Each structure stands twice: as C-alpha cells, then as structure tokens.
Amino acid sequence: MEILSNLAMGFGVALTPFTLFLAVVGCFLGTIIGALPGLGPSNGVAILIPLAFSLGLDATQALVLLTSVYYGTMYGGRISSILLNIPGDEPAMMTTLDGYPMAKQGRAGDALVISGVASFVGAFIATIGLVIIGPLLARIAYKFGPAEYFALYLLAFMTLGGVASKNQAKAAFAACLGLGIAMIGMDNSTGMPRFTGGNLHLMDGVDFLVAIVGLFAIAEVFFFIESHGKNSAIGVKLGKVTIPWADLKATTGTMLRGTGIGFVAGVLPGAGASLGSFMAYMAEKSFIGSKGNFGKGDPRGVAAPEAGNNAAAGGAMIPMLTLGVPGSGTTAVMLALLMTLNITPGPLLFAEQPEIVWGLIASLFIANIVLLVMNVPLVKLFVKVLMVPPWVLMPLVTMVSFVGIYSLTGSYFDLLLMVGFGVLGYFLRKLDVPTVPVILGILLGIQMEDNLRRAMVISDGDWPFLFSSPISIGLWIAAIPGFVAPIFLRSVLKTPVGGRPVHGPGEERRQCRPACWCHRAFWALGFDRNALARGVALRPTSSPSTADRRTAGRFRWGRGSRNIPAPRPARNGAT
Amino acid sequence: MSNDRIFGLVVVLGALAFIAGALSIQSSFLTDPVGPKAFPLMIGAAAVLCGLVMLLKPDENPEWPDARAWLSMAAATLLLVGYAYALSPLGFLLSTALAAGGDQLVDPAPRTAGGADWHGTVGAAFRRLQIRPWPGIVRPATGAAGLRGDS
C-alpha cells in the first residue's frame with residue numbers, strides 16, 4: 001500500500017487553496033487553447049512556461065498549472081472538432097469523423113458531453129496506470145548506466161522519426177539539427193567553446209525554451225499569416241446541453257477499449273496522442289463492424305478517439321517521468337519545463353523528490369475532475385471563446401511569447417534567436433521536416449553526449465562497451481527496426497495490391513497521403529488498408545461552398561501539427 | 001522535387017560546415033577518451049547522410065504561399081525583430097503598443113475583388129503593399145466581411 005500512502009502525500013502537496021486555484025486556471029486556459037484551432041498542446045504549454053516562471057511559482061505550483069493546461073488542451077481539442085469540423089489540435093482529428101455529423105444532426109450537445117466523459121474516463125484511467133506502472137518502470141530504470149541511457153536516447157530519436165514524418169531522412173535530419181544546436185556553447189567537461197563563433201551570447205548555449213517557443217508559437221504566427229487569417233468561427237450556435245445517459249451507457253465499453261489502446265500508444269516512445277486516438281477509432285470501428293454507424297454520427301466514434309487521445313496523454317507521462325525520455329511533442333515541452341525547474345526526470349526523481357512526482361500525479365487527478373466539471377456543464381462558455389477572431393489572438397500569442405521569454409532571459413539576443421527559430425520552424429514544416437525531433441535533440445543533446453562520454457570513461461575508451469549489457473543490446477535491437485521498418489512499410493504502401501489506398505485528387509482536401517504515419521501505423525497493425533480509405537473518405541464531401549472553403553483555409557492554419565503532412569489544397573476539387 | 005534537392009544540398013553543405021567547425025574545436029590538456037569533438041562529428045556525418053538521401057530521393061514540392069503572403073510574412077518578421085530590439089530600451093508598454101499597431105498593418109486578410117471595401121480607392125496603394133491603413137477595429141460592419149476574406 002505504498003502507492004496509497006504516496007498518493008496521500010501527493011494530494012497533501014497539491015490540495016492547497018492556491019494550487020487548486022492554479023489547477024482551475026490551468027484547466028480553463030488549457031481548454032481554450034485546445035479548442036482554438038492552431039494552438040495545440042505543445043504550443044499552449046510552450047507559451048505558458050515562461051509565463052509560469054515570471055509569475056514566480058515554485059516547482060510544484062508551476063507543474064500543477066502546466067499539467068492542468070496539458071490535460072485541458074486534450075479535452076478542449078474536441079470542441080472545435082465537433083462544432084466546426086476542424087480539429088482544435090492534432091489529436092482531435094479523429095473526433096471530427098463522427099463528431100461533426102452528430103452536430104449536423106442537431107446532437108452537438110450530446111457529442112460534447114459524450115466526448116467530455118470519454119476524455120475523463122481515458123485520462124483518469126491512464127493516470128491510474130501512471131501511478132501503478134511509473135514506480136515499476138522507475139525501479140527497472142535504476143539499472144540504467146550511461147551506455148543504456150545512450151542507447152535509450154538513440155531509440156527515442158529513431159522511433160520518433162518513424163512516426164513523425166513520412167520521410168525518414170527528414171526526421172533523422174531534424175534530430176541531427178536539434179543535436180547540433182545543443183552542441184553550441186561551452187563544453188561541459190573541458191570548458192572549451194564549441195560553435196559559438198566568438199559570440200558571447202552563445203557561450204551558455206541555446207536555451208531550449210527559446211527554441212521551443214520559436215519553433216512552435218512563432219512559426220504558428222507565420223502559418224496564420226500565410227493562411228490569410230480565414231479562421232474565425234463566428235456564428236456557431238449550440239442548443240441546450242443535456243446529459244444523454246443512454247448514449248453514455250452504450251459507449252462505456254468503447255471508452256474502456258479506447259483507453260487501453262490509447263494508453264499503450266502513449267507509453268511507447270514517439271507515438272503520442274495522435275496515434276492513440278487514431279488507433280482507438282480504427283480498432284473500435286473494426287470491433288463493432290458493420291453494426292456501427294461510423295462516419296455518420298455514431299456516438300462510439302466520438303467516444304473512442306477522445307478516450308484514446310486522453311489516455312495517451314497520460315501514458316506519455318510515464319517514459320517522460322521515469323526515464324527522462326519524452327514520448328511526444330508535448331511531453332518534450334513538459335520535460336523542458338522540468339529541466340528549467342532544475343528537476344531531472346528519471347528513476348532518481350521517484351526516490352529523491354517523491355513530493356514532486358506524487359504532487360504532479362495528484363494534480364493530474366485534480367485536473368481531471370475540474371475538467372470534467374468544466375467541460376460538461378460549462379461547455380457553452382468555451383464555445384463562446386471560439387469566436388475570438390484570430391487577428392486578435394495571434395498578436396496576443398506573439399506578445400505572450402516575447403514577454404515570457406524576455407522576462408526569463410532578459411536578453412534581446414534570445415528574442416532575435418526566437419524569431420529566427422520561428423522562421424526556421426516555418427520552413428521546416430513547409431518542407432515536411434518534423435520539428436518535434438529538433439526540440440528533442442536540443443533538450444537531450446547534452447545529456448546524450450555526456451552519457452556517451454561517461455560510458456567511455458568507465459570503459460576507458462572501449463567502444464564495444466556500448467553493447468555490453470542485455471538492456472542496452474535490447475534497446476539497440478529495438479532502435480534499428482524502429483527506424484528501418486517505416487522505410488520498408490512505406491515502399492510496400494506505395495504499390496498496394498488493391499490500388500492506392502487513398503483518395504483521388506478531386507476528393508476532400510483534408511486527407512492524408514498514402515505514406516503518412518497513420519497509414520503506416522495502420523498497416524503495421526495488420527488492419528485492412530482499404531478500411532482506412534473508407535474511414536477517411538467518410539468526411540463530408542458536399543459541394544465546396546464558401547463555408548467549406550473557409551473551413552479548408554482554417555484547417556490549413558489550424559492543423560497545429562508537425563506529424564501530419566500538410567493538407568494539399570485540391571487543385572481540381574474546390575474550384 | 002527541386003525544392004527538396006535544394007534543401008538537401010543546403011543540408012549537406014551545412015553539415016560539412018558543421019564538421020569543419022567540429023574539427024576546429026580545441027581540446028584541452030585535460031580530456032576524456034571521447035573528447036569534445038567526437039559527438040559533433042558523429043552528428044555531422046549523420047546529417048550529411050540525411051542531406052544526400054534528400055538530394056537523391058526528393059519529395060514533392062510543398063505548396064508555397066503567393067507573393068502577397070510572402071510580403072506579409074517578411075513584414076511580420078521585420079516587425080518581430082523590431083519588437084525584440086525595442087523591448088528593452090522602450091519598455092514593455094510602449095513597444096507592445098507599437099508592435100500591436102504594426103501587427104494590424106501586416107494584413108493577413110486578402111481583399112476580394114469587387115468586395116465591399118469602402119476604403120477601396122484610398123487603400124489601393126496600401127493594398128498593393130498588403131498593408132492595412134488603419135487598425136482593424138476601425139473597420140465598419142461592411143468591411144468585417146472583407147476581413148475574413150471570402151464572403
């Protein structure tokens with residue numbers, strides 16, 4: 001019953017009036033950030049990190065605030081998915097498939113309640129999973145030496161590349177770019193400057209918060225300008241919201257299955273919430289079979305992906321906390337937060353600073369309950385917030401990022417660097433280079449090198465030492481197929497047996513490409529490829545009216561995603 | 001196609017420059033078996049490989065924005081750089097007010113041909129520059145539709 005006493009301690013830390021207040025504020029902000037197309041979980045948390053510091057919060061308080069924001073964004077993404085047919089953030093993509101048809105049938109309120117409850121179930125059970133698995137994994141992680149950590153970091157980069165991009169070379173380049181940027185500054189063990197070009201500002205290296213806010217938030221501003229600002233959601237109406245008990249009862253099984261799948265997807269390095277919601281939806285669809293009404297407003301089609309993505313969000317915390325290796329973009333940002341707070345995640349964290357770990361876990365439980373209350377009875381409030389025009393929003397994002405970073409570093413040079421990262425992020429995303437590996441590289445680069453060098457010191461320069469323990473051999477063996485398999489899967493998918501699994505040029509523009517990660521993941525799981533084409537093609541393909549064009553433009557800006565290839569504007573579809 | 005080839009070339013050249021930079025790192029007399037050079041060299045080598053793959057197996061070109069959007073983005077970049085420089089001498093309030101005003105000038109909304117643009121004649125010159133002459137809030141009700149661009 002060690003877990004229970006630990007949990008009690010965590011609640012003791014997290015249940016002060018001020019932290020409760022922070023949890024409520026964080027949940028509220030998070031839901032808004034999630035609901036607004038274009039601001040996803042990683043952007044939202046990234047923008048708020050500097051702000052949390054300038055408010056002078058201590059470690060536990062900052063963690064409570066930002067984990068509430070994190071969970072809040074996962075809840076909030078569904079609102080615009082259901083009401084506008086635009087995912088508010090990337091993991092909410094699958095929710096549009098059945099959520100929007102439900103809204104069209106006048107059941108928007110039902111869809112919002114079902115998805116809210118599904119989010120709660122997913123996140124709550126995943127947090128329980130974190131409580132149970134986290135300490136176990138931390139115990140295993142005790143056995144990790146420098147060689148094992150080096151292999152683990154390598155595994156994270158390899159598998160992240162496998163899902164983050166459709167082009168392995170680009171994903172690998174992104175990781176190299178991040179690692180290269182991490183090398184800038186003074187070398188820890190010899191004190192020699194590296195790649196500074198004599199610039200004193202660079203002696204301390206590039207602050208990863210600067211890079212994160214630049215790559216995520218400032219780049220988003222450029223995408224907004226490119227999309228010509230066709231992004232407002234004025235005129236959305238929502239009727240009376242009641243609780244559909246019958247539907248909730250009917251979708252209980254769906255929620256539990258979605259939770260299980262999402263949780264596993266979250267724990268795996270590199271997979272993250274988007275894959276969780278995708279797999280949960282697809283698995284549910286094949287589980288129900290032809291009895292279901294998927295794509296036409298089946299409540300189960302709303303419950304499964306929402307349970308999946310929220311469970312994955314909780315699951316992704318496990319590798320981040322126990323090993324210090326984030327499983328997704330947002331957990332990478334959370335890792336940045338912990339490192340800025342001088343907390344090193346890893347097995348030692350559980351032993352040495354249990355109040356932080358368990359306080360964090362307790363705040364996840366609190367955030368969940370707050371979010372359930374906020375997202376079911378108070379959902380109308382957030383629908384109103386969606387109507388904020390983006391030309392108000394984007395200057396606000398810019399201002400918050402600038403002021404946040406400036407208050408943290410106090411240097412105009414860092415602001416310039418941030419703008420530079422913004423421009424870089426824009427071009428990288430345009431060229432289909434994922435930005436999450438860049439962030440991960442900047443975050444982990446120094447530690448990866450340190451572990452390599454420490455391993456070499458231990459073994460006195462004997463390189464085979466890297467492969468000497470069973471754990472490290474296992475990690476190396478896992479890393480190689482993690483990187484290589486997607487390449488082969490992609491070439492298999494290029495010439496599928498039954499014709500191209502996707503969508504001709506005239507179809508809805510919001511479809512993925514044949515080699516995108518979801519197809520690959522789907523294929524790898526052994527599902528029927530064509531089911532995917534059917535699932536994705538079930539989006540409304542009505543004649544492209546003005547509203548549709550606006551939606552499409554909004555989506556372009558709002559995809560908020562580094563994992564999904566840019567939606568290609570239909571050349572002959574929407575003319 | 002060609003975009004990726006150019007990008008691949010840039011990556012290869014950049015990685016080679018990075019390797020050159022890594023080779024010029026000075027080791028101190030007190031060093032470990034690996035030293036400060038080895039890891040950057042490994043990264044550089046991996047990046048060269050990635051660049052070569054991009055050069056040889058390019059993807060399709062992305063959809064690039066039109067010239068007006070480029071102009072807006074360039075103006076926005078200048079504005080952000082200016083904001084960065086202004087923040088410490090001018091203080092937060094003044095520089096944010098200036099930047100927010102400037103933000104409104106960088107017009108993200110395209111004008112529709114024949115739309116109800118009441119300041120059409122006045123704004124013609126500004127429009128060519130993609131600059132909004134007055135703050136967006138000043139826009140009247142008829143202009144609000146034009147703000148979203150497509151109704």
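Residues numbered from 1 in each chain as written. Chains lettered and ligands numbered in written order. Predicted model: local features only at pLDDT ≥ 70, side-chain atom pairs only at ≥ 80, totals over all residues.

(A) Summary view of the overall build of chain A. Secondary structure summary: chain A contains 25 helices and two strands in total. Classification of the 575 residues of chain A by burial places 62% in the buried group. Across chain A, the fraction of contacts at a sequence separation of at least 24, relative to all contacts at a separation of at least 6, is 81%. (Helix = DSSP H or I, 4+ residues; strand = E, 2+ residues; numbered from the N terminus. Buried ≥ 20, exposed ≤ 12 C-beta atoms within 10 Å, placed from the backbone. Contact = placed C-beta atoms within 7 Å.)

(B) Representation of the overall build of chain B in the model. When helices and strands are tallied, chain B shows six helices and zero strands. Starting at the N terminus, the α and β elements of chain B follow one another as α-α-α-α-α-α. Sequence separation of 24 or more characterises 68% of the internal contacts of chain B that already satisfy a separation of 6 or more.

(C) Seen up close, the environment of Phe216(A). All names here are of chain A. By the element assignment, Phe216 lies in helix 9 (residues 208-226). For the pair Phe216 and Tyr426, spaced 210 residues apart in sequence, the C-alpha to C-alpha distance is 9.1 Å. The residues contacting Phe216, other than those within four sequence positions of it, are Ser42, Asn43 and Ala46.

(D) Fine view of the environment of Thr60(A). All names here are of chain A. Here Thr60 is to be found in helix 4 (residues 59-84). Judged by the 22 C-beta atoms lying within 10 Å of it, Thr60 falls in the buried class. Separated by 299 residues in sequence, Thr60 and Gly359 place their C-alpha atoms 6.8 Å apart. If sequence neighbours within four positions are ignored, Thr60 has contacts with Val13, Thr19, Ile356 and Gly359.

(E) Molecular detail of helix 1 (residues 2-23) of chain B. Between its first and last C-alpha, helix 1 of chain B extends 31 Å over 22 residues, near the 32 Å set by a 1.5 Å rise per residue. Among the residues of helix 1 of chain B, those classed as buried are Asp4(B), Phe7(B), Gly8(B), Val11(B), Ala15(B), Phe18(B) and Ala22(B). Looking down the long axis of helix 1 of chain B, one finds its buried residues gathered within 100° of arc, a one-sided arrangement. Counted as exposed and oriented over 90 degrees from the buried face of helix 1 of chain B: Ser2(B), Leu13(B), Ala17(B), Ala20(B) and Leu23(B). Considering only its buried residues, helix 1 of chain B is in contact with helix 8 (168-183) of chain A together with helix 2 (38-56) of chain B. (Expected span 1.5 Å × (residues − 1). Arc of directions from axis to C-beta.)

(F) View of the confidence of the model for chain A. Residue and element names in this part refer to chain A. This prediction gives chain A a mean pLDDT of 77; 80% of its residues lie at or above 70. Helix 20 (residues 412-430) holds the highest mean pLDDT among the elements of chain A, 92, whereas helix 25 (residues 546-558) holds the lowest, 39. Across residues 493-520, where pLDDT falls below 50, the model places 70 contacts with residues more than four positions away in sequence or in other chains. (pLDDT = per-residue confidence, 0-100.)

(G) Spatial organisation of the packing of helix 9 of chain A against helix 21 (residues 436-459) of chain A. Residues and elements named next belong to chain A. Here helix 9 crosses helix 21 at 175°, and the two axes come no closer than 10 Å. If you check the angle between helix 9 and helix 21, you find them roughly antiparallel. In contact with Phe208, Ala211, Ile212 and Leu215 of helix 9, helix 21 contributes Val438, Ile439, Ile442 and Leu443. In terms of residue class, the contact of helix 9 with helix 21 is made up of eight nonpolar, no polar and no charged. (Axes fitted to C-alpha atoms, helices over the stretch in contact; angles between N-to-C directions. Parallel < 35°, antiparallel > 145°, perpendicular 65-115°, else oblique. Nonpolar A, V, L, I, M, F, W, Y, C, P; charged D, E, K, R; others polar.)

(H) Fine view of the environment of Met387(A). Its place among the elements puts Met387(A) in the loop between helix 18 (379-385) and helix 19 (390-409). Assessed through the 11 C-beta atoms surrounding it within 10 Å, Met387(A) is described here as exposed.

(I) Summary view of the confidence of the model for chain B. For chain B, per-residue confidence averages 70 on the pLDDT scale, and residues scoring 70 or more make up 61% of the total. Put simply, helix 6 (residues 141-148) of chain B is where chain B has its lowest mean pLDDT, 36, and helix 2 of chain B is where it has its highest, 92.

(J) Representation of the nonpolar core. The biggest cluster of nonpolar side chains holds 201 residues, and the ones touching the most others in it are Leu66(A), Ile212(A) and Val213(A). Broken down by element, this core gets its largest block of residues, 17 residues, from helix 6 (residues 108-141) of chain A. Looking at which domains feed residues into this core, each of domain 1 (2-56) and domain 2 (67-148) of chain B gives three or more. Contacts of Val213(A), omitting those with residues within four sequence positions, involve Ala46(A), Ile47(A), Pro50(A), Ile218(A), Ser401(A), Ile405(A) and Met418(A). (Core = buried A, V, L, I, M, F, W, Y, C linked by C-beta atoms within 7 Å. Domains from an automatic or database assignment.)

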